[in-house]
Amino acid sequence: MILPENESEISRIAIYVVFDKDGIIDDYVPYFLKGIKPYTTHLLVVVNGYVNYEGYKKIEETSDEILVRENKGYDITGYREGLAHIGWDKLSEYDECMLITSSLFGPIYPFSEMFEKMNSQDLDFWGVTKFHKCEYTFRGCKYNYTPEHIQSSFLVIRKSMTTNKLYQQVWDEMPEIEDYETAIGIFELPFTKESIEKGFKAGVYIDTTDLEGVTRYHAGGRINHKSPMPHHEAEVLLTVVF
């Protein structure tokens with residue numbers, strides 16, 4: 001599925017999942033939301049757990065809707081509850097559904113560059129970066145290794161996939177998640193591999209194929225390729241250094 005050249009003709013819904021054990025919303029969160037908002041038709045913020053009054057007002061000013069839920073099942077279950085809250089029928093009205101976690105910072109480069117590049121590609125789902133295949137795995141993963149996969153902190157699903165029963169079943173049949181490692185093992189690790197096997201087309205904004213065999217993770221690759229959003233504090237430091 002290729003999207004229109006004119007960005008104004010594209011409809012997107014975003015599900016942004018945030019958690020803080022003290023209910024605090026740091027300033028980088030509304031900064032990120034303000035950056036991504038022009039590329040969304042509807043922006044739903046899912047709060048895992050408690051959020052204080054000041055934090056609620058911050059995200060209220062930079063979103064269209066807020067869903068506060070019990071802090072269970074980590075970001076992946078936050079995605080699932082956000083999708084259930086919207087419903088598959090409503091999701092079918094949008095060209096893309098963005099799944100985003102608050103582990104990302106930015107934008108440090110314009111989002112426009114990323115969307116312009118990815119809009120023209122014939123894909124069913126895409127992300128910013130991929131994690132390379134490696135020998136170890138996580139609890140809950142059905143494979144005895146980690147398949148190459150698109151990282152789920154920023155995952156974009158197009159209408160050709162959100163309206164497909166095979167994709168919907170992934171979420172409708174997802175078991176309850178009890179710990180972080182299982183959250184990765186059940187969803188993030190197998191999702192790309194199994195979606196491609198089902199016939200869906202995948203892509204990434206930043207191609208780090210040249211780093212295969214050198215590193216499984218690629219903070220420098222994000223920065224060298226002008227990712228608009230670094231992941232975790234380590235990449236923010238690398239951004240400053242380089």
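Residues numbered from 1 in each chain as written. Predicted model: local features only at pLDDT ≥ 70, side-chain atom pairs only at ≥ 80, totals over all residues. Heavy atoms only, no water.

A word on the packing of aromatic side chains
Right, so step 1: Scanning the entire structure with this criterion turns up 15 aromatic pairs.
Right, so step 2: Ring geometry for W171 and F187: centres 4.7 Å apart, planes at 40°, overall tilted. Highlighted residues: W171 in helix α7 (residues 165–172) and F187 in helix α8 (residues 180–197), separated in sequence by 16 residues.
Right, so step 3: Judged by relative accessible area, F187 falls into the buried class, the value being 2%.
Right, so step 4: Taken together, the ring pairs connect Y16, F32, Y39, F111, F115, W126 and F154 into an aromatic cluster. (Phe/Tyr/Trp six-rings, centres within 6.5 Å; stacked < 30°, edge-to-face > 60°. Helix = DSSP H or I, 4+ residues; strand = E, 2+ residues; numbered from the N terminus. Buried < 20%, exposed > 50% of the residue type's maximum accessible area, 1.4 Å probe, protein only.)

A closer look at unusual backbone geometry
Right, so step 1: A cis amide bond links G106 with the next residue in sequence, P107, at an omega value of 5°.
Right, so step 2: Turning to its location among the elements, P107 is positioned in the loop between β4 (96–101) and α5 (111–119).

With respect to the sheet that holds strand β3 (residues 65–69)
Right, so step 1: Spatial ordering of the open sheet is given by β3-β2-β1-β4-β8-β5-β9, a layout of seven strands whose pairing is mixed. Single-partner strands in this sheet number two, and they are β3 and β9 (202–204). Neighbour-to-neighbour, the strand axes of this sheet turn through a mean angle of 15°, independent of strand direction.
Right, so step 2: As paired strands, β4 and strand β8 (residues 154–158) are joined by five bridges and run antiparallel to one another. When the bridges of β8 are listed, M98 appears paired with V156.
Right, so step 3: The strands that α5 touches are β1 (12–18), β4, β5 (125–127), β8 and β9; relative to β8, the one it contacts most, it runs at about 35°. (Pairing = 2+ DSSP bridges. Axes fitted to C-alpha atoms, helices over the stretch in contact; angles between N-to-C directions. Contact = heavy atoms within 4.5 Å.)

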